[in-house]
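Structural characterization, general
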Amino acid sequence: MSVKCFCQEISNNALQGGSGDVWRVVETEIISYARSEHHLTQTQCETNRKYTEMMKQVLATPYFFFSYNYDLSHSRQRYEETIASSGETMAKSLVERAETRFVWNWKMMEGLRANPSLHRYCLPVIHGFISINQVNIAGSKLVWSIVSRRSSLRCGTRMFVRGGDEKGQVANYVETEQMLELNGMVTSFVQTRGSIPLLWQQRPNLKYKPPPTLELQSGVSHRDCFTRHFEVQKQKYGQQVIINLIDQKGAEGRLETQLKAVCNQVSDADLFYEAFDFHKECSKMRYDKLQILMDRLAQHQEQFSYFVLSREGLVLGRQSGVFRTNCIDCLDRTNVVQSMLARNNLQTALVRFGVLGENARVEHQAVFENLFKNVWADHADMISIQYSGTGALKTDFTRTGKRTKQGVLEDGRRSLIRYFKNNFADGFRQDSLDLFTGNYVISPTEGVTHESPLSRDLSRDQKIVAYPMALALSIAMLILSLVVPSELSTFIMISLLFWAAMAGLTSMAILRNGPDYVDQPHLVHVPPRLRN
């Protein structure tokens, strides 16, 4: 099959020396190469339709971006150091010089990539967030941009893909770059986020917040996962500050303890560990306490600096390290902290450009400050939608600079939607991502020489099916016992107690067998009970 895309140009800005046209995919159509399905069995036709729906599911997730003349997969510093500095590399096609971690159609282009004469038809596509804005700060016209690139190497949904693997790849890994352009000069500040690089899981089981569990794999330790992850991080970005925002008590506390212990065992001079219990420190809406964390990170931010390119193309400064931020999901808390680090970088760059005086503050530029907050809140929502299926939490703080009661209520609404999707919709979405990125490859003889994994017998034990029916009956009878009688009698009271007890017992039974009611994936991240 092929994919026909309908796109929207979001910028013809100077992302790369005045030649970067960026396009966003807004609609797609899947076109089959085969003229008919007469050669397929009925089972194969049904399976093929499911696979097609999976592809549509991923393509409908906002947003995919591409450019015909600018490699979106590279940060500005990485582009200048590995591509622009080499005439031989510059002569290569976009697909040959792309950063494969962030190319979501890499597997799809496999056949075309094998033939150099077809490379002109290979267009790398990234998934994430891009916002490019013409702004006016203190009378100076600038271009302020945010580009976030999601990794396709360990992609997945919020609950089914957590932590790291034996290769050191982690879930929800995102590289976020903030760029500023003024009169041909460019600055770039890169941050990363990613799930805690240990071997852990948090599979859905109908509980609102399943406890995360540390799970060792055969021949792989937590230290192996951690070390392999940061070997790549240091190679790509330099020194690392690990900002760990998870709770330091309870279920999350066990992860924090293990991460700190492994970091101490590795004892790498290029790794700095900074734990900050976000929920404890910022309880009762005291988000002003985040300044404590910023003060602790200030020395590192000054030391790491940021990338600067002159209008003549000379590199005037390089970023020597990055902040790698995580919370449990690497979404809500992470985005709040990243936006604050980005503002600090912006303040420094604007003073360097002479746009702001030494004592002036970027947050006092009212129009730009409003844009800055809303773009970072939109960024939080988009990355969250891509991973968890809903917008981010705590975006009221990002948008307004303070926590509000209305924002807390909105967080509650989004949390309920997350709960429903994570338990009853994400199995299909997880399979869709594995199919799209090539983690699962369909065999041409699937359904003929061997059974499709989508055709596995998923019939449940009769008692598992009966529990929800018994719960519905119990609740219905409980309501009738309350509403219908004109007066309460001993019989009615006994009836109420009986049906209330039945509802409680069946609820407990359902929760005890929670994983049996969850929408489970069937292609790669298959739960043990469904494995052959």
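As shown above, the structure is provided for reference.
Residues numbered from 1 in each chain as written. Predicted model: local features only at pLDDT ≥ 70, side-chain atom pairs only at ≥ 80, totals over all residues. Heavy atoms only, no water.

Attention now goes to the overall build of the chain. Along its length, the chain carries 16 helices and 14 strands. Radius of gyration (C-alpha) of the chain: 26 Å, near the 24 Å computed for a compact globule of 532 residues. The C-alpha extent of the chain, read off along each of the three principal axes, is 85 × 65 × 45 Å. The proportion of buried residues among the 532 residues of the chain is 52%. Across the chain, the fraction of contacts at a sequence separation of at least 24, relative to all contacts at a separation of at least 6, is 69%. Here the chain has roughly 24,900 Å² of accessible surface; of this, 54% comes from carbon and sulfur atoms. Averaging the locations of the 61 positively and 54 negatively charged side chains of the chain gives two centres separated by 2 Å. (Helix = DSSP H or I, 4+ residues; strand = E, 2+ residues; numbered from the N terminus. Rg over C-alpha atoms; globule rule 2.2 N^0.38 Å. Buried < 20%, exposed > 50% of the residue type's maximum accessible area, 1.4 Å probe, protein only. Contact = heavy atoms within 4.5 Å. Areas by Shrake-Rupley, 256 points an atom, 1.4 Å probe, with all protein chains shown as cover. Lys, Arg positive; Asp, Glu negative; His and termini not counted. Charge placed at Lys NZ, Arg CZ, Asp CG, Glu CD.)

Let's shift gears to the nonpolar core. In this structure, Trp144, Ile243, Leu290, Val337 and Leu350 are the most contacted members of the largest nonpolar core, which totals 44 residues. For this core, the secondary-structure elements that each account for two or more residues are strand S4 (126-137), strand S5 (140-150), strand S6 (174-182), strand S7 (185-193), strand S10 (239-244), helix H9 (290-304), helix H10 (332-353) and helix H11 (366-388). For this core, the leading source of residues is H10, giving 9 residues. Residues within four places of leucine 350 in sequence aside, it is in contact with Ile137, Leu142, Leu180, Val355, Leu356 and Val362. With 18 residues, the next largest nonpolar core counts Met54, Met55, Val58 and Leu433 among its residues. (Core = buried A, V, L, I, M, F, W, Y, C linked by side-chain atoms within 4.5 Å.)

A word on empty space enclosed by the protein. In the structure shown here, the tally under the stated rule is 4 cavities of 30 Å³ or more. Considering only enclosed or pocket space, the largest cavity measures out at about 120 Å³ in volume. Looking at the largest cavity, the residues that line it are Arg101, Ser151, Leu153, Arg154, Lys167, Gly168, Gln169, Val170, Tyr173, His229, Val232 and Gln233. (1 Å grid on protein atoms, 1.4 Å probe; cavity = no way out; pocket = protein on both sides within 12 Å on 5 of 7 lines; lining within 4 Å. Points joined across faces, edges and corners; volume = space filled by probe spheres on them.)

Where S10 meets strand S11 (residues 271-275), 5 bridges bridge the pair, whose relative direction is parallel. By the bridge assignment for S11, isoleucine 243 is matched with glutamate 274. Regarding topology, helix H7 (residues 250-266) serves as the crossover connection from S10 to the parallel S11, and that connection is right-handed. (Pairing = 2+ DSSP bridges. Right-handed = clockwise from strand over helix to strand, strands pointing away.)

Our next topic: the packing of helix H15 (residues 462-483) against helix H16 (residues 490-512). In contact at an axis separation of 8 Å, H15 and H16 are set at 155 degrees when each is read in the N-to-C sense. Between H15 and H16, the angle falls in the class roughly antiparallel. The hand of the H15/H16 crossing is left-handed. Contacts between H15 and H16 pair Tyr467, Pro468, Ala470, Leu471, Ser474, Ile475, Met477, Leu478, Ser481 and Leu482 from the former with Ile492, Ser495, Leu496, Trp499, Ala500, Met502, Ala503, Thr506, Ser507, Ala509 and Ile510 from the latter. Per-class residue counts for the contact of H15 with H16 are 16 nonpolar, 5 polar and no charged. (Axes fitted to C-alpha atoms, helices over the stretch in contact; angles between N-to-C directions. Parallel < 35°, antiparallel > 145°, perpendicular 65-115°, else oblique. Left-handed = near helix turned anticlockwise from the far one by under 90°. Nonpolar A, V, L, I, M, F, W, Y, C, P; charged D, E, K, R; others polar.)

The subject of this paragraph is the side chain of threonine 176. Within the secondary structure layout, threonine 176 lies in strand S6. Of the polar contacts made by the side chain of threonine 176, one reaches the side chain of serine 148; its length is 2.7 Å. Setting aside its immediate chain neighbours within four residues, threonine 176 contacts Ile146, Val147, Ser148, Phe189, Val190, Gln191, Gln338, Trp376 and His379. (Polar contact = N/O pair within 3.5 Å; in protein donor to acceptor, adjacent residues only side chain to side chain.)

Our focus in this paragraph is the packing of aromatic side chains. Under the definition given, this model contains 16 aromatic pairs. Aromatic side chains phenylalanine 278 and tyrosine 287 sit 5.5 Å apart centroid to centroid with 85 degrees between the ring planes, which places their arrangement in the edge-to-face category. Relative accessible area serves as the criterion here: at 1%, phenylalanine 278 is assigned to the buried category. A relative accessible area of 7% places tyrosine 287 in the buried class. Between phenylalanine 420 and phenylalanine 424, the aromatic rings sit 5.4 Å apart at their centres with planes inclined by 55 degrees, giving tilted as the arrangement. Within this pair, phenylalanine 420 and its partner phenylalanine 424 are both found in helix H13 (residues 405-424), separated by 4 residues, close to a single helical turn. (Phe/Tyr/Trp six-rings, centres within 6.5 Å; stacked < 30°, edge-to-face > 60°.)

Attention now goes to the side chain of aspartate 431. Topologically, aspartate 431 is positioned in helix H14 (residues 426-436). In this view, aspartate 431 contacts Met54, Leu454, Pro521, His522, Leu523 and Val524; residues no more than four positions away in its chain are not counted.

The next thing to look at is the pattern of salt bridges. Using the criterion set out here, one finds 32 salt bridges in the structure. Ionic pairing is found between aspartate 329 and arginine 158, a salt bridge with its closest N-O pair at 3.1 Å. Taken together, the positions of aspartate 329 in the loop between strand S14 (321-326) and H10 and arginine 158 in the loop between S5 and S6 put the pair 171 residues apart, joining distant regions of the chain. Per residue, the accessibility class of aspartate 329 equals that of arginine 158, and both read buried. In this structure, the salt-bridge partner of arginine 162 is aspartate 329, at a minimum N-O distance of 2.7 Å. Taken as a pair, arginine 162 in the loop between S5 and S6 and aspartate 329 in the loop between S14 and H10 lie far apart in primary sequence, 167 residues in all. Arginine 162 sits in the buried class, given a relative accessible area of 1%. Several salt bridges share partner residues, and in doing so they unite Arg78, Glu99, Arg101, Arg149, Glu175, Glu177 and Lys236 into one network. (Salt bridge = Lys/Arg side-chain N within 4 Å of Asp/Glu carboxyl O.)

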